[in-house]
Amino acid sequence: MPKEKWLIDPAELDEFQRDILGLGLNDSYAVKGCAGSGKTILALYKANDIRIETIAEDENAIPSFTMIVYTKALREFIRSGIIELGISIKQVIHWEKWDGDMVDHIIVDEAQDFTKGRIDVFNDSKLKSLMLYGDTQQKLYPGGMSIEDTALYLDIPQKELLKNYRLPKSIASIASYLGDDKQLEDKCVKTVIEKPRLKKFESWQKELDFIINEIKTRNLTDVAILVPFNIVKRAKSNNEHRNVETIKQYFDSVGFRHEVKMSEDESSAFELDFDSENPKVMTFHSSKGLQFETVFIPFCDYPNHDEWFDRNFGNPFYVAVTRTYKNLYFTHSERLSLFLKNVPSNKFD
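Computed from a predicted model, the values in this text were never measured in an experiment.

Caption draft 1: Quick look at unusual backbone geometry. The phi angle at Asp 155 is positive, at roughly 55°, despite the residue not being glycine. Here Asp 155 shows up in the loop between helix 6 (147-154) and strand 6 (158-161). For Asn 219, which is not glycine, the phi dihedral falls at a positive 50°. With respect to the helices and strands, Asn 219 occurs in the loop between helix 9 (204-217) and strand 10 (223-227).

Caption draft 2: Spotlight on the packing of aromatic side chains. One pass over the full model with this rule turns up 22 aromatic pairs. Where Phe 330 meets Phe 348, the ring centres are 5.8 Å apart and the plane angle is 90°; that geometry is what we call edge-to-face. In this pair, Phe 330 sits in strand 14 (residues 324-332) while Phe 348 sits in the segment after strand 14, placing the two residues 18 residues apart along the sequence. Phe 348 carries the same exposure label as Phe 330, and that label is buried. Here the aromatic residues Phe 229, Phe 284, Phe 313, Phe 317, Phe 330, Phe 339 and Phe 348 are joined through ring pairs into a cluster of three or more. The ring of Tyr 70 carries Lys 288 above its face, with NZ or CZ at 5.4 Å from the centroid.

Caption draft 3: How the structure looks around the layout of surface pockets. Each pocket or cavity is described by its volume, and for the second largest pocket that value is around 460 Å³. What lines the second largest pocket is a set of 24 residues, among which Trp 6, Gly 36, Gly 38, Ile 41 and Gln 291 lie closest to the centre. Counting only elements with at least two residues in the lining of the second largest pocket, the list comes to helix 2 (39-57) and strand 7 (164-168). Broken down by element, the residue count for the lining of the second largest pocket peaks at three residues, all from helix 2. Looking at the lining of the second largest pocket residue by residue, the class counts come to eight nonpolar, eight polar and eight charged.

Caption draft 4: Layout of the sheet that holds strand 12 (residues 280-283). Sheet architecture is open: six strands sit in the order 9-14-13-10-12-11, paired in parallel fashion. Two strands lie at the open edges of the sheet, namely strand 9 (197-200) and strand 11 (259-260), each paired on one side alone. As paired strands, strand 11 and strand 12 are joined by two bridges and run parallel to one another. Within strand 12, the residue paired with Glu 259 across the bridge is Lys 280. Running at roughly 150° to strand 14, helix 9 makes contact with strand 9, strand 10, strand 13 (292-297) and strand 14 of the sheet.

Conventions and cut-offs
Residues numbered from 1 in each chain as written. Predicted model: local features only at pLDDT ≥ 70, side-chain atom pairs only at ≥ 80, totals over all residues. Heavy atoms only, no water. Helix = DSSP H or I, 4+ residues; strand = E, 2+ residues; numbered from the N terminus. Phe/Tyr/Trp six-rings, centres within 6.5 Å; stacked < 30°, edge-to-face > 60°. Buried < 20%, exposed > 50% of the residue type's maximum accessible area, 1.4 Å probe, protein only. Lys NZ or Arg CZ within 6 Å of the ring centre and 35° of its normal. 1 Å grid on protein atoms, 1.4 Å probe; cavity = no way out; pocket = protein on both sides within 12 Å on 5 of 7 lines; lining within 4 Å. Points joined across faces, edges and corners; volume = space filled by probe spheres on them. Nonpolar A, V, L, I, M, F, W, Y, C, P; charged D, E, K, R; others polar. Pairing = 2+ DSSP bridges. Contact = heavy atoms within 4.5 Å. Axes fitted to C-alpha atoms, helices over the stretch in contact; angles between N-to-C directions.

If you want it as structure tokens, here you go:
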């Protein structure tokens, strides 16, 4: 269950956020911002402004907009905010469910993961404005256009959010070694709470035992456990445990309550309840756009590290690291991940 309110009051917005929120409803633009800069919040507030203006003109009118998000997990995570603002949940859609109907306004969150062809469809389906929010550093899928390239391609203004409200500086310091944003720590408004923890164990089972014990003894109730894969995909015996399915099986075997997001099919039934206190187990990719008080990233050992993994999981690992607003744990039982090799040891506890 989220402990930190993610949908902040409009009075708490900074000058960069207020500038974007003040743009006209018929203006098309692209907004870029690091993880935790408030992109999704601004997208929701813009949708709400459209709703309010429509009702002011005709209280029986249906606001003509669609807000598109990349994953079902993000849609469910922000459901409480959608309801709080009075927005119809039917108008916030993960992209595979979008019917392509023409509307006055289209708002797209996580725009960096949509292809040029998909961006064209969004643009052709709007009657008045297309508003895009994204972060190129968090681009996870092949073919996605960077937010900068998208703004140039559509010839629309680009705005930037320059503050980070989620990450403590101690976590941003590590994240900056994983991505291209070397000023990430300077953007953070939260001071150091505690350093991320890095621990090595005798086996992957011991890693999971540690996570269980830490959750219980510290009474952690807003937790994500993030791994690369949903199920066993790559036939390397010493990599087979690095997936959601294995964690689920192990947690079930010891009677530890949890919830999983394991299906890769976005049209399937959803397995996570973001109002519950159970730890959530999912892939790096599924955690896109979400935030938690505590994030565990187990199995940070890649003895068979190769070019394929480097190419496909650099950005997803960065996304996983930037999901927490307080506590971050890395655990491993073999050679430490090459993703962390350049991070100074004094950055960890």
